[in-house]
Amino acid sequence: MKKLLAKIERIRSRGWVVLDLDKNHTLYHLDGKRFQIESIGVPDIKCKVSILVNGEKVDLTIDDLY
């Protein structure tokens, strides 16, 4: 849990994330690219993170991000 909270705080402080998606994910073609954070939910195991992709808000879990 400590590593998860550290990851969330690192992401929150930078304001940008790099996608680390599974090959079955619908946005896999964007894997490895950097995006701006719109908002972050309550720190938890499946923390919801909203990012901006081409001006549109997309919701992902903390597991989908690096």
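The preceding data block contains the structure.
Residues numbered from 1 in each chain as written. Predicted model: local features only at pLDDT ≥ 70, side-chain atom pairs only at ≥ 80, totals over all residues. Heavy atoms only, no water.

Points about the pairing of strand β2 (residues 34-40)
Cut-off, in case you're wondering: Note: two strands are recorded as paired if DSSP finds a minimum of 2 bridges between them. Helix numbering and strand numbering both begin at the N terminus, where a helix is a DSSP run of H or I of at least 4 residues and a strand a DSSP run of E of at least 2.
Inspection of the sheet shows strand β1 (residues 16-18) paired to β2 by three bridges, in the antiparallel sense. Considered in β2, the bridge of W16 is made with Q36.

Overview of a nonpolar patch on the surface
Short version of the rule: Patch membership requires over 30% relative accessible area and the absence of a salt bridge. Like charges are linked within 9 Å, and nonpolar side chains (Val, Leu, Ile, Met, Phe, Trp, Tyr) within 5 Å. A 1.4 Å probe and the Shrake-Rupley method give the accessible areas. Residues count as covered only by the protein chains that appear here. Here, a salt bridge means any side-chain nitrogen of Lys or Arg that lies within 4 Å of a carboxyl oxygen of Asp or Glu.
A cluster of nonpolar side chains, contributed by M1, L5 and I45, occupies part of the molecular surface with about 310 Å² of accessible area. Mapping I45 onto the fold places it in the loop between β2 and β3 (48-53).

Here's the deal with the side chain of S50
To be explicit about the condition: Whether two residues are in contact is decided by their heavy atoms: any pair within 4.5 Å suffices.
By secondary structure assignment, the location of S50 is in strand β3. Sequence-distant contacts of S50, that is, excluding residues within four places in its chain, are made with I37, E38, S39, K57, V58 and D59.

Notes on the pairing of β3
Bridge analysis of β2 against β3 gives four bridges, and the strand direction is antiparallel. Along β3, the bridge assignment pairs I37 with I51. Sheet topology places β3 next to strand β4 (residues 56-61); six bridges connect them, and they run antiparallel. Within the sheet, the bridge partner assigned to V49 lies in β4 and is L60. Connecting β3 to the next strand, β4, in antiparallel fashion are two residues, including N54 with a positive phi near 55°.

Here we look at the nonpolar core
For clarity, the threshold we go by: In this description, a nonpolar core means a group of buried Ala, Val, Leu, Ile, Met, Phe, Trp, Tyr and Cys residues linked to one another through side-chain atoms lying within 4.5 Å. Burial status follows relative accessibility: with a 1.4 Å probe on protein chains alone, a residue under 20% of its type maximum counts as buried, one over 50% as exposed, and anything between as partly exposed.
L19, I51, I62 and L65 are the most contacted members of the largest nonpolar core, which has 19 residues in total. Looking at this core, the elements with two or more residues in it are α1 (2-14), β2, β3 and β4. Among residues more than four places away in sequence, those in contact with L65 are K7, I11, V17, V18, L19, D20, V49 and L60.

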